[in-house]
Amino acid sequence: MPGDMLQILRPDGTLVGDAPVDVDTTRDLYHAMVVGRVYDRKCTAMQKQGRLATYAPFEGQEACQIGAVAPLEEQDWVVATYRDAAAMWFAGYPMVNLILGRTGDERGGQIPEGVNVLPPSITVGGHMIHAVGTGWASKLQGDGGVSLTMFGDGATSEGDFHEAMNFAGVYQTPTVFFCQNNGWAISLPFEQQTNAAALVDKAIGYGMPGVRIDGNDLFAVVAATTEAVETARSGGGPTFIEAMTYRIGPHTTADDPGRYRTEEATDEWRRSDPIDRVRAYLVANDAWDQSWEDEVADEASDQVEAAVEEAEALDPFTAGEVFDAMFAEPTQTLLDQRDMLRRDG
Amino acid sequence: MNGQATTERTMAQALNAGLREALSDESVVILGEDVGRTGGVFRVTDGLQAEYGAERVVDTPVAESGIVGAAFGLAVAGMRPIAEIQFMGFSYPGYDQVVNHVSRIRNRSRHRFTAPLVIRIPYGGGIGAAEHHSESFEAIYTHVPGLKVVVPSRPIDAKGLLTAAVADPDPVIFLEPIRAYRSMKEEVPDDSYEVPIGVASIERPGDDVTLIGYGAMMREVREAAEVLASSGVGAEVIDLRTLVPLDVETVIASVQNTGRAVIVHEAPRTSGFGGEIAATIQERALYSLRAPVERVTGWDIVVPLRRAEKHYTPGVDRIVAAAMRTTEGH
Ligand SMILES: Cc1ncc(C[n+]2csc(CCOP(=O)(O)OP(=O)(O)O)c2C)c(N)n1
Ligand SMILES: [Mg+2]
């Protein structure tokens, strides 16, 4: 990876700079990353069993997803994508809702009041501007809220990305643009997504600070996001963060990466696993032992299994219910159509 | 096509063969997301980049406005671009280019500039996909003056219509029903042939009621005709194949004979293309009608996700019920 990139924790678990959080917090974040991984693997397995619709795994991106959310507070917003389940969960989106969404059920998006996390964006690139809007609202309402938006390298090619960056710059909204550059947009490698050497350079064009970080380094992610969040919260406007990471798995469970990439590059990135890295750090700081690891793994597994059970216990919508959420009150036309469906099946 | 070599193909394979054939014209360029190395998410462009190179079959950045806008520029300057949009739900970032430029340049320049391009768009539900992957918004294209809109329902038409679309001097929105990509196989001629744009196909003759459909819904329409036949109702089945320009003559002649019409589409009902057909029937064949024209359509709702999608897609039962209603008491 190129040198002009913030790194604090080396792949071997040794520090290059100062850890942004203490050891106890690191253990908590480690725990959260493990939950993310257990969830991710469970979803892939469930999809293979036909229990979920297409699923987009995020293995390898756990440091980005947990680390970027770590500095957030309750009033903050998260606006992310189909690949950001761990980030959304860590920001308070209930796991049962995430799973329900993946089974193919709109109630996945019906999350509790007070959780400021939008349902995942399935279209690429259209959602970053929403985090400009929510940030703008925080500014107008004076609630001190910051909006974090997460997106991929591919999303920076959509026109809406540029409109979002420009608006955030013009209105100095408290928005943190967190790009997980995982090397691929389905089959398109980063080098063909843009002729720019680095996405972070785009920040200059919109008059905002940008930073490129090692996205498999939890500490780099936490440090960069903490600074960006503090800047935004104190009225300093948006920041663009480009986190260099890698999509270890397929684009989705419907994808076959063998058609466009070799396993060698993926294996190399496997050796730079974000969870292993934090574990190595904890070991070196006498903050890890096998029994705790087992405890973490068991808890993660129980949590995921409980969410799966709860999601799957819910009966699917009846025919009539599919009409219920188009408007605050169904129109007469919709009521008529509901009757037609009941009449003719 | 008698005596010609044929190969049994799915619609995806037939389209692949049609695209390969199109590429033998050097002005044809295929561009879209993941169309090259992986051959597209539905594998419709499978193997084409390997055969024709990355300059002719181009993997683009994730940018639909870019794809359509660049295709427009390529076309205006004499190339024959075939753009692929991954799913209809992702076509909207490119819609501004379609509405404001692609569809208008001929009129804006009084024929001096033209945009003979094809935009291939997989559409429709039935595969339990994620949000935005199931919709059927053909009417947002049929409503735009200056666009031709084609929707094949079967492999043989898919290849022939694609060839006609590439040869057409005007922009063609080429809608590919996702659930028909692999559900049906038929013998498809290996040599080049065109299925003309603007000509519907009478798939099955009948005297009692006209069933009018297109695209993915043709499977249900065909099945409904079978069911009706077993109850002694002769349904004439029309596959429109092209929505714009509409083959009015075929529709009207059939309805004048049967006196009854059922229009079927997966798209939402309000402002759906069925309204256009019904209006045309009442303008041209009102006095032949023996019953109100029936529409069997999707509802005015977002296509439900996988667990409840079945409540959306019109089924055979609904088509049969509508057809029976037209025959009641007449
Ligand atoms: C507007 C739009 N165009 C195309 C797609 C199909 N699609 C889904 S994900 C994807 C690639 C996105 O890549 P990136 O932004 O790097 O995110 P990643 O999947 O790597 O997390 C594409 C093209 C889409 N969902 N939305
Ligand atoms: Mg990516």
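What counts as what
Residues numbered from 1 in each chain as written. Chains lettered and ligands numbered in written order. Predicted model: local features only at pLDDT ≥ 70, side-chain atom pairs only at ≥ 80, totals over all residues. Heavy atoms only, no water. Helix = DSSP H or I, 4+ residues; strand = E, 2+ residues; numbered from the N terminus. Rg over C-alpha atoms; globule rule 2.2 N^0.38 Å. Contact = heavy atoms within 4.5 Å. Areas by Shrake-Rupley, 256 points an atom, 1.4 Å probe, with all protein chains shown as cover. Lys, Arg positive; Asp, Glu negative; His and termini not counted. Charge placed at Lys NZ, Arg CZ, Asp CG, Glu CD. Near = heavy atom within 4 Å. Polar contact = N/O pair within 3.5 Å; in protein donor to acceptor, adjacent residues only side chain to side chain. Nonpolar A, V, L, I, M, F, W, Y, C, P; charged D, E, K, R; others polar. Core = buried A, V, L, I, M, F, W, Y, C linked by side-chain atoms within 4.5 Å. Buried < 20%, exposed > 50% of the residue type's maximum accessible area, 1.4 Å probe, protein only. Domains from an automatic or database assignment. Buried area = accessible area lost by both parts, 1.4 Å probe. Salt bridge = Lys/Arg side-chain N within 4 Å of Asp/Glu carboxyl O. Pairing = 2+ DSSP bridges. Axes fitted to C-alpha atoms, helices over the stretch in contact; angles between N-to-C directions. Donors = N, O, S within 2.8 Å, 3.2 Å for Na, K, Ca; no water. Phe/Tyr/Trp six-rings, centres within 6.5 Å; stacked < 30°, edge-to-face > 60°. Lys NZ or Arg CZ within 6 Å of the ring centre and 35° of its normal.

**Student:** Tell me about the overall build of chain A, and name the residues and values.
**Tutor:** What chain A contains, in helices and strands, is 13 helices and seven strands. The C-alpha atoms of chain A give 21 Å as radius of gyration, which agrees with the globular expectation for 345 residues (20 Å, within 12%). For chain A, the C-alpha atoms occupy an extent of roughly 70 × 50 × 40 Å along the three principal directions. Taking contacts inside chain A between residues at least 6 apart in sequence as the whole, the part at least 24 apart equals 75%. Approximately 14,200 Å² of chain A is accessible, and the part contributed by carbon and sulfur atoms is 50%. Each charge sign in chain A was given a centre, from 24 positive and 55 negative side chains, and these centres are 6 Å apart.

**Student:** Kindly report on the site of ligand 1, identifying the contributing residues and their values.
**Tutor:** Lining the immediate environment of ligand 1, one finds 20 residues, of which Tyr-82, Arg-83, Gly-154 and Trp-184 of chain A together with Glu-64 of chain B sit closest. In this structure, ligand 1 is bordered by residues of chains A and B. Separating a nitrogen atom of ligand 1 from a backbone N or O atom of Val-124 of chain A is a distance of 2.9 Å. A distance of 2.8 Å is found between an oxygen atom of ligand 1 and a backbone nitrogen or oxygen belonging to Gly-154 of chain A. Taken together, the residues of the shell around ligand 1 sort by class into nine nonpolar, six polar and five charged.

**Student:** So what about the nonpolar core? Which residues, and what values?
**Tutor:** Ile-173, Leu-240 and Ile-281 of chain B are the most contacted members of the largest nonpolar core, which totals 76 residues. Among the elements that take part in this core, helix α1 (residues 11-23) of chain B stands out by supplying seven residues, more than any other. Residue-level mapping places this core at the junction of two domains, with at least three residues from each of domain 1 (6-189) and domain 2 (201-327) of chain B. Setting aside chain neighbours within four positions, we find Ile-173 of chain B in contact with Val-98, Ile-119, Ile-121, Tyr-141, Leu-147, Lys-148, Val-149 and Val-150 of chain B. If you look at the next biggest cluster of nonpolar residues, it comprises 65 residues, including Leu-52, Leu-98, Ile-99 and Ala-220 of chain A.

**Student:** Before we move on, could you go through the interface of chain A and chain B and cite the residues and values that matter?
**Tutor:** Chain A puts 46 residues into the contact, and the matching count from chain B is 38 residues. Between chain A and chain B, roughly 3,300 Å² of surface is buried when both sides are summed, and carbon and sulfur atoms account for 55% of that area. Taken as a group, Ile-122, Arg-259 and Asp-344 of chain A account for 18% of the area that chain A buries against chain B, more than any other trio of residues on that side. For the pair chain A and chain B, the interface holds three salt bridges. With a shortest N-O distance of 3.0 Å, Arg-307 of chain B and Asp-105 of chain A are connected by a salt bridge. Taken together, the links from chain A to chain B amount to 17 residue pairs in polar contact (both at pLDDT 80 or more). Of all the elements in the fold, those that place two or more residues in the side of chain A that touches chain B are α4 (95-103), β5 (188-189), α7 (190-193), α12 (290-313) and α13 (332-344) of chain A. No other element matches α13 of chain A, which puts seven residues into the side of chain A that touches chain B.

**Student:** Run through the pattern of salt bridges, naming residues and quoting values.
**Tutor:** Inspection of the entire model under this criterion finds 37 salt bridges over all chains. Close ionic contact of Asp-276 of chain A with Arg-279 of chain A constitutes a salt bridge, the shortest N to O distance being 3.1 Å. Taken as a pair, Asp-276 of chain A and Arg-279 of chain A lie in helix α11 (residues 274-284) at a separation of three residues, close to a single helical turn. The partly exposed category is assigned to Asp-276 of chain A, whose relative accessible area is 37%. Note that Arg-279 of chain A is salt-bridged to Glu-293 of chain A, the shortest N-O span being 3.4 Å. Of this pair, Arg-279 of chain A sits in helix α11 while Glu-293 of chain A is found in helix α12, placing the two residues 14 residues apart along the sequence. The partly exposed category is assigned to Arg-279 of chain A, whose relative accessible area is 23%. Look at the salt bridges and you will find they share partners, linking Arg-343 and Asp-344 of chain A together with Glu-294 and Arg-325 of chain B into a network.

**Student:** So, the environment of Val-146 of chain A: which residues are in play, and what are the values?
**Tutor:** Residue and element names in this part refer to chain A. Of note, Val-146 is situated in the loop between α5 (128-141) and β2 (147-152). Taking the C-alpha atoms as reference points, Val-146 and Arg-233, separated by 87 residues in sequence, lie 6.0 Å from one another. Contact partners of Val-146, with chain neighbours within four places excluded, come to Asp-76, Trp-77, Pro-174, Val-176, Val-229, Ala-232 and Arg-233.

**Student:** So, the sheet that holds strand β2 (residues 28-32) of chain B: which residues are in play, and what are the values?
**Tutor:** Sheet strands associate in pairs through backbone hydrogen bonding, adopting either a parallel or an antiparallel arrangement. Residue and element names in this part refer to chain B. An order of β3-β2-β4-β5-β7-β6-β12 is seen for the seven strands of this open sheet, with the pairing classed as mixed. Taken across any chain shown, the strands that pair with only one partner, and hence form the sheet edges, are β3 (57-59) and β12 (242-244). Pairwise comparison of adjacent strand axes, ignoring direction, gives a mean angle of 20 degrees for this sheet. Those strands touched by α1 are β2, β3, β4 (80-84), β5 (118-123) and β7 (172-177), and its axis lies near 135 degrees from that of β2.

**Student:** Account for the coordination of the magnesium ion (ligand 2), naming residues and giving values.
**Tutor:** For the magnesium ion (ligand 2), the full set of protein donor atoms is Asp-153 of chain A (OD), Asn-182 of chain A (OD1) and Trp-184 of chain A (O), and the range of their distances to it is 2.1 Å. Counting the intervening residues between successive donors of the magnesium ion (ligand 2) yields the motif D-x28-N-x1-W.

**Student:** Give a detailed account of the domain arrangement of chain A, specifying residues and quantitative values.
**Tutor:** According to the domain assignment, chain A contains domain 1 (23-314) and domain 2 (319-345). Taking only C-alpha atoms, the centre of domain 1 of chain A and the centre of domain 2 of chain A are 37 Å apart.

**Student:** Tell me about the packing of aromatic side chains, and name the residues and values.
**Tutor:** What the rule picks out here adds up to 20 aromatic pairs over all chains. Look at Trp-136 of chain A and Tyr-171 of chain A: their rings are 4.4 Å apart centre to centre, the planes differ by 15 degrees, and that puts the pair in the stacked class. In this pair, Trp-136 of chain A sits in helix α5 while Tyr-171 of chain A sits in helix α6 (residues 159-171), placing the two residues 35 residues apart along the sequence. Looking at Tyr-171 of chain A, the relative accessible area reads 34%, which means it is partly exposed. Three or more aromatic residues joined by ring pairs form one cluster here, namely Phe-151, Phe-161, Phe-177 and Phe-240 of chain A. Positioned over the ring face of Phe-317 of chain A is Arg-107 of chain A, at 4.2 Å from the centre of the ring. Over the aromatic face of Phe-113 of chain B sits the side chain of Arg-112 of chain B, whose NZ or CZ is 4.2 Å from the ring centroid.

**Student:** Summarise the domain arrangement of chain B; cite the residues concerned and give the values.
**Tutor:** All names here are of chain B. One can read the domain layout of chain B as domain 1 (6-189) and domain 2 (201-327). Computed from C-alpha atoms alone, the centre-to-centre distance between domain 1 and domain 2 is 26 Å. Surface buried jointly by domain 1 and domain 2 totals about 2,100 Å² across both partners, of which 53% is contributed by carbon and sulfur atoms. Broken down residue by residue, the surface that domain 1 buries against domain 2 is led by Val-151, Ser-153 and Arg-179, which jointly contribute 26%. Applying the counting rule to domain 1 against domain 2 returns four salt bridges. A salt bridge links Arg-179 to Glu-266; its shortest N-O distance comes to 3.4 Å. Summed over the shared surface of domain 1 and domain 2, the result is 14 residue pairs in polar contact (both at pLDDT 80 or more). Only α6 (139-142), β6 (148-150) and α7 (155-167) provide two or more residues apiece to the side of domain 1 that touches domain 2. Of all the elements, β6 adds the most residues to the side of domain 1 that touches domain 2, at three residues.

**Student:** Report on the sheet that holds strand β6 (residues 210-214) of chain A, specifying residues and quantitative values.
**Tutor:** All names here are of chain A. Across the sheet, which stays open at both edges, the five strands sit in the order β1-β2-β3-β7-β6 with parallel pairing between neighbours. Two strands bound the open sheet, and with one partner strand each, they are β1 (77-79) and β6. On average, each strand axis in the sheet is tilted by 20 degrees relative to the strand beside it, whichever way the strands run. The pairing of β6 with strand β7 (residues 239-244) spans five bridges and is classified as parallel. Opposite Asp-214, over in β7, you have Met-244 as the bridge partner. Along the sheet, α5 contacts β1, β2 and β3 (175-181); its crossing angle with β2, the most-contacted strand, is approximately 175 degrees.

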